Amino acid sequence: MHDGKRARGMKGTARNLLIHLAVIAAAFVCVYPLLRMFSVSLRPGDKLFSADLSLIPAGASFRAYSDLLRDTMFLRWLWNSLVITTATSFMGVSLASTAAYAFSRFRFPGRRSGMLLLLASQMIPAGMLILPLFLMIMKMGLMNTYLGMIIAYSVSSLPFSIWILKGYYDTIPRSLEEAALVDGTSRVGAFWRVVLPLSTPALSIAFLFNFTAAWNEYLVARVVLFSAKQYTWTLGLFELQGQYITQWGMFAAGSMLVTLPVLAVFLYSSKWLISGLTLGGIKG
Amino acid sequence: MPETLGSLGEVAWFVLLVAAGTAALEGYLYFHLRLFGRKWFLPVSLILFPALAVLACAPALGGQAAARLWPWFLAAEAAASAASRYLVKGRHYLPFMLLAPAFVGLALLLVYPFVFQAYLSFHDLKLSTVLMWKNTGRLPFAGITQYVKVFTTSPLSEVSFWALLVRTFVWTFTNVALHVAGGFVLALLLNNAIRFKGFYRTLLVVPWAMPQVVAVLAMRGEFHSQHGFINILLSRLADASPLLERLGVGPVQWLTDHPLLTCTLINVWLGIPFMMVVILGGLQSISSSYYDAAEIDGASYLQKLRYITIPLVKPVLMPAVTLGTVWTFNNINVIYLVTGQSGGTEQADILVSAIYKAAFTYNRYSYAAAFAMVVFAMLFAISAFYLRVFDAAKDER
C-alpha cells in the first residue's frame, strides 16, 4: 500500500515536471516577441540590426523613447486615439445601458426578434461595412476628422455591450426595484437609482470593451484619416514600422508604451471579459 | 494647442448634438405613447411634427426643398399618430422608449450602411464616378454586371475569385483547427493541480491581450529575412549543426516566399490564448466525480478524454468555434498588416482582405460592394449551418 503510494508520488512528480516544462515552453513562445520588442527598443541606434538575442542589449539606452517622443507625433497620435475612443465608448455604453434594461426586465412584442437581430448583427463582419461607412463619411464631408471616426465606431460594439449588460441585469434581484417602486419612485427612477449603481462593474466592463475595440482599431482609421496630424496611434505605428525599417527602434519603443497599459488593463479585467464573452456565446 | 482644443470642442458639440437628438426622439415617443388619449393629441401632432421635420431638414436641403417634403411628413405623421392612438395605445411604452436610441443608432450605422452597400453593388461607383456621386448623389445603374465581374474577373491584379475562395477556406480551417488543438492542449496542461497556475495563465494570454496591431506588426518584424529572430535562430541552428543544415534548415524569405504561411503562423500565435481560456473555463466546470467514477471503472486517460472531457467541454467550445470561424474568415487585420503596404504581395489574400484592397487600394467601390454582398451571403449560410448543427441559439432567456 505504502509502496504503491510512493511509486505513484514519484510518477506524479515526474509528470508534474513535464507539465511545468511544457507550459513554460508555451509561455516563452507567447511572451518572447514582447520581450524581444523591449530589447529592440533599448538598442543603441548603431546596433539596431545586430543579430543579438540577449534581453538587455549591450549599450542599452532609452534613446529610442526620447527620439520617439521628440521627433514624431506619437503623443499627438495617442491624444487623437484617446479623444475618439472616449467619445465612442461613452456613447456606446449609454445607449447599451438602457436597451439592455428593456431586454432584461420587460416582455414585449419583438423582444425575441430584437435580440436575434443583435446576434445577427454580430455576424455581419465589421470589415464588410467599412466601404459604405467610408462613403457616408465622405459624403458628409467628415473625412480626416474626429467626428468621422466617432461616427464610424460608435455602434460597432453596441450589440455586444447590450448582451453583457443584459446578462448582468438579469442577476440583479427584481425585489430591489420593487422595493423602490413601493417607496414611490417611477420605473425610470428605479432603473436610475437602483439598477445602474449596482451595475457599475458591468458598465465598466462594457466601457472597457468599447474602449479597447476602438483603441486598437486600424482598418477604418486607415481609410478615413489621411494626414499624419490626425492619425490614431495604430496608423502612426504602422507608418513607423512599415515604411522605414530604420525606425525599428522607435517602433518598438512606441509599441512598448502602448502595450503595457493595455496589457495591464486586460489582465486586470480579463476574468470579466471572458465571462461576458462566453455568456454572450452560450446564451446566444 | 489651440487647434487641439478646437477639435475637442467639436467633439463635445457632437456629443451634445447626439444627446439632443436622443432627447427629441424620446420626446416624440413620449408624446405618442403616453399622451395619445388627449383630445388635442391628433391636431397638435399633425401640425407640430411635420413642421418640425421641415425645419430640421431646412439647413441640409435648403428651405424650398424641405417645404416640398411637407406633404410626405404629414402623411407619415398621420399614419404614426393614428397607429399610436388606435393600435398601440401606449402598450409597452417603457421598453420601446428604452430601446429606441440604441436601435435608431444601429439602424443608421449598421442597417443603413448594409442597405447602401446593396444599392452600391447594383450601380457603378469607381474612382471616375465618385466625384459626380459626391456632388449630385447620382450613380449610373449597372444591373448585375458587378456580380458577374465578381465571379469572372480578378479583384486584385493576379488572383481570381475562386483561388481566393479556396484559400479562404484553407485559411479558416487551418487556423481554427490549430487554435482549438493548441488551446485544448494548453488548457489540459493548465487544468492540472500545478503551482504558479495563475502566473502561467497570465503569460499565456499575452498574445491575445496585446493590441492586435502591435502584436501583428511586431511579429511581422520578427519574420523579417535578416533582422527577425526567427531567421536569426534558424541560421544559428544551421551553423551549429551541419546535419540540420543539410536537412534544409536555414533562413527563409518568409514575407516574400511564404506570405500565407507567415500570416497563418502569426494568427495561430494570436488565436490560441482565446481558445485556451474558453476551454479551460469548460474544463474547470466539469465535476471531478465523473473522473472518480471513471477511475473506479478503470478507464484509461484517453478514454476519460474521449468520453468525459470532450463531450462536457463541447457546449462551451461550440460557440467559441463558431465565433472563431467567423473571426478567422473575416480576419483582414492580420493579412492586411502583414502584406498591405505598397508593393505588398497578393499571395496571402483571402476574400475579405481582397475586398478591402479592391475598395481602398484599387478604388473599385461598386465591385467591392458586390463582392462583399457575395461574401456576406456565404457567411450567412455558414453561420446558419453552424447554428442549426449546434443549436447554439435555442436557449433564449
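Since this is a predicted model, take the numbers as computed values, not measurements.

About the thresholds
- Residues numbered from 1 in each chain as written.
- Chains lettered and ligands numbered in written order.
- Predicted model: local features only at pLDDT ≥ 70, side-chain atom pairs only at ≥ 80, totals over all residues.
- Contact = placed C-beta atoms within 7 Å.
- Helix = DSSP H or I, 4+ residues; strand = E, 2+ residues; numbered from the N terminus.
- Nonpolar A, V, L, I, M, F, W, Y, C, P; charged D, E, K, R; others polar.
- Axes fitted to C-alpha atoms, helices over the stretch in contact; angles between N-to-C directions.
- Parallel < 35°, antiparallel > 145°, perpendicular 65-115°, else oblique.
- Left-handed = near helix turned anticlockwise from the far one by under 90°.
- Core = buried A, V, L, I, M, F, W, Y, C linked by C-beta atoms within 7 Å.
- Buried ≥ 20, exposed ≤ 12 C-beta atoms within 10 Å, placed from the backbone.
- Domains from an automatic or database assignment.

> An account of the interface of chain A and chain B is needed here, citing residue identities and associated values.
Every contact between the two is made by 81 residues of chain A and, on the other side, 84 residues of chain B. Sort the elements by how many residues they give to the side of chain A that touches chain B and helix H13 (residues 248-283) of chain A lands first, with 14 residues. When grouped by side-chain class, the residues that make up the side of chain A that touches chain B number 58 nonpolar, 17 polar and six charged.

> Help me get a handle on the packing of helix H18 (residues 332-339) of chain B against helix H19 (residues 351-360) of chain B, residues and values and all.
Residue and element names in this part refer to chain B. Put simply, H18 and H19 touch, their axes get as near as 8 Å, and they point 55° apart. By the angle between their axes, H18 is oblique relative to H19. H19 is crossed by H18, and the crossing has right-handed handedness. Contacts from Ile332, Ile335 and Tyr336 in H18 reach Val352, Ser353 and Tyr356 in H19. In terms of residue class, the contact of H18 with H19 is built from five nonpolar, one polar and no charged.

> Could you give an account of the nonpolar core, naming the residues involved and the relevant values?
With 162 residues, the main nonpolar core has A:Ala96, A:Ala99, A:Ile162, A:Ala206, B:Ile355 and B:Ala368 as its most contacted residues. Broken down by element, the residue count for this core peaks at 14 residues, all from helix H3 (residues 74-105) of chain A. With residues up to four places along the chain from it excluded, the contact list for B:Ile355 reads B:Pro155, B:Ala368, B:Phe371, B:Ala372 and B:Val375.

> With reference to specific residues and values, describe the domain arrangement of chain A.
Residues and elements named next belong to chain A. Domain assignment breaks chain A into domain 1 (2-61) and domain 2 (65-283). Taken over C-alpha atoms, the centre of domain 1 sits 34 Å from the centre of domain 2. Split into classes, the residues belonging to the side of domain 1 that touches domain 2 amount to four nonpolar, two polar and one charged.

> Run through unusual backbone geometry, naming residues and quoting values.
All names here are of chain B. With a phi angle near 55°, His92 is a residue other than glycine that sits in the positive phi range. With respect to the element layout, His92 can be found in the loop between helix H4 (70-88) and helix H5 (93-121). Residue Phe196 is not a glycine yet carries a positive backbone phi of 60°. The topology assignment puts Phe196 in the loop between helix H8 (161-190) and helix H9 (197-204).

> Mind laying out the environment of B:Gln303, listing which residues take part and the relevant values?
All names here are of chain B. Residue placement: Gln303 occurs in helix H17 (residues 301-329). Gln303 sits in the exposed class, given 12 other C-beta atoms within 10 Å. For Gln303 and Ala163, which are 140 residues apart along the polypeptide, the C-alpha to C-alpha distance reads 41 Å.

> A description of the environment of A:Val195 should follow, citing residues and the corresponding values.
All names here are of chain A. Secondary-structure assignment places Val195 in helix H9 (residues 187-198). By the C-beta count within 10 Å, which is 21 here, Val195 ends up buried. Sequence spacing of Val195 and Val220 is 25 residues, and the spatial spacing of their C-alpha atoms is 35 Å. With residues near it in sequence (within four places) discarded, Val195 still touches Tyr101, Tyr169, Ile172, Glu177 and Ala190.

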